[in-house]
Amino acid sequence: MSTSSAVIGVDESGKGDFFGPLVVAAVLADEEGARRLVAMGARDSKAIADSRVCIIDELIRETFPYFVVVLDPPEYNRRYAEIRNLNKLLASCHAEVIDELHRKHPAGKAISDKFGKDHLIEDALRLRSCPIKLEQMHRGEVHPQVAAASIVARARFVRELKELSEQFAFNLPKGAGSIVDNAGQRFVHIHTAKKLSQVAKVHFKNYDKVLRPDLFR
């Protein structure tokens, strides 16, 4: 694989989910590899059923270099409390997966799905002394490498959420809607409010809705 033609794609999963971790993944492929990713079914993971995502994820991880960062809820809450800015936290994780994968498998550039101001990931990469060229764009999943990263991140999020659900013997739903609020209230009734930070992102509005539902009626 030529370094100049190799591209690292990066994307995240769990950013909008109250329960479960934040997962950021990077996948590397050259032009030929990009065509193989398309043939495997790599596209925006939000458009694919979770069962299919997990199948494609296995194929990707067996075939292509990748790197994943998982912030479980306690670690996510700790780091968010320090930074107090989700986009900066995301940028830090994006830079980490890009840098780690680039060190092991040098690439010509990295492409990230755009989520904030361009300088955030660029600054985070400079802090890590990673000189890779970076492109940020909306709908980055049009690039097979970014689509692959979205699938790897989503599959890992699904597995981690399932493990948390099994650990607490409680079905933790995805998303951040009213179903999640209701589930959170039931979780607190069973496991107490103290345990909520072990399964959820406490800066979400859902957290107050779960613990102080009277304020939102």
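Refer to the structure printed above.
On a predicted model such as this, the values are computed, not experimentally measured, just so you know.

Enquirer: Looking at this model, I keep getting lost on the nonpolar core. Mind explaining?
Expert: Generally speaking, a soluble globular protein has its nonpolar side chains buried in company with each other. Counting 67 residues, the largest nonpolar core has Ile-8, Phe-19, Ile-60, Ile-98, Leu-196 and Val-199 as its most contacted members. Ignoring sequence-local partners within four residues, the contact set of Leu-196 consists of Phe-18, Phe-19, Phe-187, Val-188, Tyr-207, Val-210 and Leu-211.

Enquirer: Could you clarify how one ought to interpret the packing of aromatic side chains in this entry?
Expert: Two numbers describe a pair of aromatic rings. These are the distance of the centres and the angle of the planes. Taken as a whole and judged by the stated rule, the model has 5 aromatic pairs. Judged by centre distance (6.1 Å) and plane angle (35°), the rings of Phe-18 and Phe-204 are tilted. On the criterion of sequence distance, the pair formed by Phe-18 in the loop between strand 1 (7–13) and strand 2 (22–29) and Phe-204 in the loop between helix 7 (178–191) and helix 8 (205–211) is long-range, its members being 186 residues apart. Judged by relative accessible area, Phe-18 falls into the buried class, the value being 0%. Put simply, the rings of Phe-18, Phe-19 and Phe-204 touch in pairs and so form one group of aromatic residues.

Enquirer: Quick question: what am I supposed to make of helix 2 (residues 50–63) here?
Expert: Quick reminder: α-helices carry 3.6 residues per turn. Residues three or four places apart thus point the same way. Compared with an ideal rise of 1.5 Å per residue, which puts 14 residues at 20 Å, helix 2 spans 20 Å between its outermost C-alpha atoms and is within 8% of the ideal. Buried residues along helix 2 sit against strand 2, helix 1 (31–40) and helix 6 (144–167).

Reading the values: rules and limits
- Residues numbered from 1 in each chain as written.
- Predicted model: local features only at pLDDT ≥ 70, side-chain atom pairs only at ≥ 80, totals over all residues.
- Heavy atoms only, no water.
- Core = buried A, V, L, I, M, F, W, Y, C linked by side-chain atoms within 4.5 Å.
- Buried < 20%, exposed > 50% of the residue type's maximum accessible area, 1.4 Å probe, protein only.
- Contact = heavy atoms within 4.5 Å.
- Phe/Tyr/Trp six-rings, centres within 6.5 Å; stacked < 30°, edge-to-face > 60°.
- Helix = DSSP H or I, 4+ residues; strand = E, 2+ residues; numbered from the N terminus.
- Expected span 1.5 Å × (residues − 1).

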